[in-house]
Amino acid sequence: MDALEILREASRRIYENVKDLPGTDLAAGDFGRGAGGDISRNIDIVAEKTVLEYLEEAGFECVVLGEECGRVELSDNPSGYVIMDAIDGSANAVRGVPFFCSSLAFARGERLSSVTAGVITDLTGGQSYWATSGGGAFYEGKKIGVRHGDPIYKIVSVNTSGASRELLERLQPVFENNHTRHFGANALEMAMFARGLVDVLIDIRGKIRIQDIAAGYLIAREAGGLLLDEHMRPLDSDLSYETRISFVAAANRAMLDKTVPKI
Ligand code: IPD
Ligand code: CA
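We now turn to the structure provided with this report.

Procedures and definitions
- Residues numbered from 1 in each chain as written.
- Chains lettered and ligands numbered in written order.
- Predicted model: local features only at pLDDT ≥ 70, side-chain atom pairs only at ≥ 80, totals over all residues.
- Heavy atoms only, no water.
- Axes fitted to C-alpha atoms, helices over the stretch in contact; angles between N-to-C directions.
- Helix = DSSP H or I, 4+ residues; strand = E, 2+ residues; numbered from the N terminus.
- Parallel < 35°, antiparallel > 145°, perpendicular 65-115°, else oblique.
- Contact = heavy atoms within 4.5 Å.
- Nonpolar A, V, L, I, M, F, W, Y, C, P; charged D, E, K, R; others polar.
- Near = heavy atom within 4 Å.
- Polar contact = N/O pair within 3.5 Å; in protein donor to acceptor, adjacent residues only side chain to side chain.
- Areas by Shrake-Rupley, 256 points an atom, 1.4 Å probe, with all protein chains shown as cover.

**Some points on the packing of helix H6 (residues 186–194) against helix H7 (residues 210–222)**
Right, so step 1: Following both chains from N to C, one finds H6 and H7 inclined at 5°, their axes separated by 8 Å at the closest point. Here H6 lies roughly parallel to H7, going by the angle between them. Every residue of H7 that contacts H6 at Ala187, Met190, Phe193 and Ala194 is listed here: Asp212, Ile213, Gly216, Tyr217, Ile219 and Ala220.
Right, so step 2: In terms of residue class, the contact of H6 with H7 is made up of eight nonpolar, one polar and one charged.

**A look at the site of ligand 1**
Right, so step 1: In the vicinity of ligand 1 there are 15 residues, among which Asp88, Gly89, Ser90, Asn159 and Arg209 approach most closely.
Right, so step 2: At 3.2 Å from an oxygen atom of ligand 1 is found a side-chain nitrogen or oxygen belonging to Glu67.
Right, so step 3: Asn159 is positioned such that a nitrogen or oxygen atom in its side chain is 2.8 Å from an oxygen atom of ligand 1.
Right, so step 4: Notes on ligand 1: free accessible area 370 Å², of which the protein chains cover 87%.
Right, so step 5: With three residues, the single largest contributor to the shell around ligand 1 is strand E5 (residues 81–88).

**Topic: the environment of Cys69**
Right, so step 1: In this fold, Cys69 is placed in the loop between strand E3 (63–66) and strand E4 (70–73).
Right, so step 2: As a C-alpha pair, Cys69 and Ile213 span 144 residues in sequence and 17 Å in three-dimensional space.
Right, so step 3: If we skip the residues at most four places from it in the chain, Cys69 touches Ala35, Glu48, Leu52 and Met84.

Right, here's the structure in full:
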């Protein structure tokens, strides 16, 4: 099986193993701080364990970079890295708010730009988004693309969770002139952007970890999206646990310039 098939099967198993947990006391069990710095909840641990056990069972030669488990070397001769956020949107999942997903990516090298396969699965219903480098992006088997042109309602996702007053002031023009949203799971919002449901994504809090973005980065790029860092340069980064990312995504430069006037 190639990397994409491995990630798709791992995601399918996550869905099977966690689908009865969201919103329950069992989901919330506290396992202390994970490698990514947040409290690991039982639902995060169940989902990660599912992936680790499957990768071992499949004999996939890789190093796992998990949000909770940290770096796990599953081979002495790895073909690359599996970048795993087994539950993105953990707060929603624990509370039972129906917006959370799994995000799995495979990278051949040590940079975001070396991601060659990505799978995001909506864990509220099991629907899956995936992409391979140069092979396009798909939702439930159908090719997807970002939305060009002016929609009736322009939806701009702005991540304001934990934002400072200064950041909110910088973002004020965006709030004033658009239908702004933030649903609470960055990876799933990237996937929805790739599918043309969200027009612009803005997360310039400097909080996003590599695990939150690796799969969405490839899916959005393969769907034709423009992905830039906070200096408006093409988005890229290393895969380190210390790295925190800010980014903006839009279908094209004109849409971005219209939406994000000098933030
Ligand atoms: C979180 C989500 C959320 C974002 C947070 C992330 P997690 O990921 O992506 O949208 O606002 O910064 O930490 O912790 O649920 O995997
Ligand atoms: Ca997570």
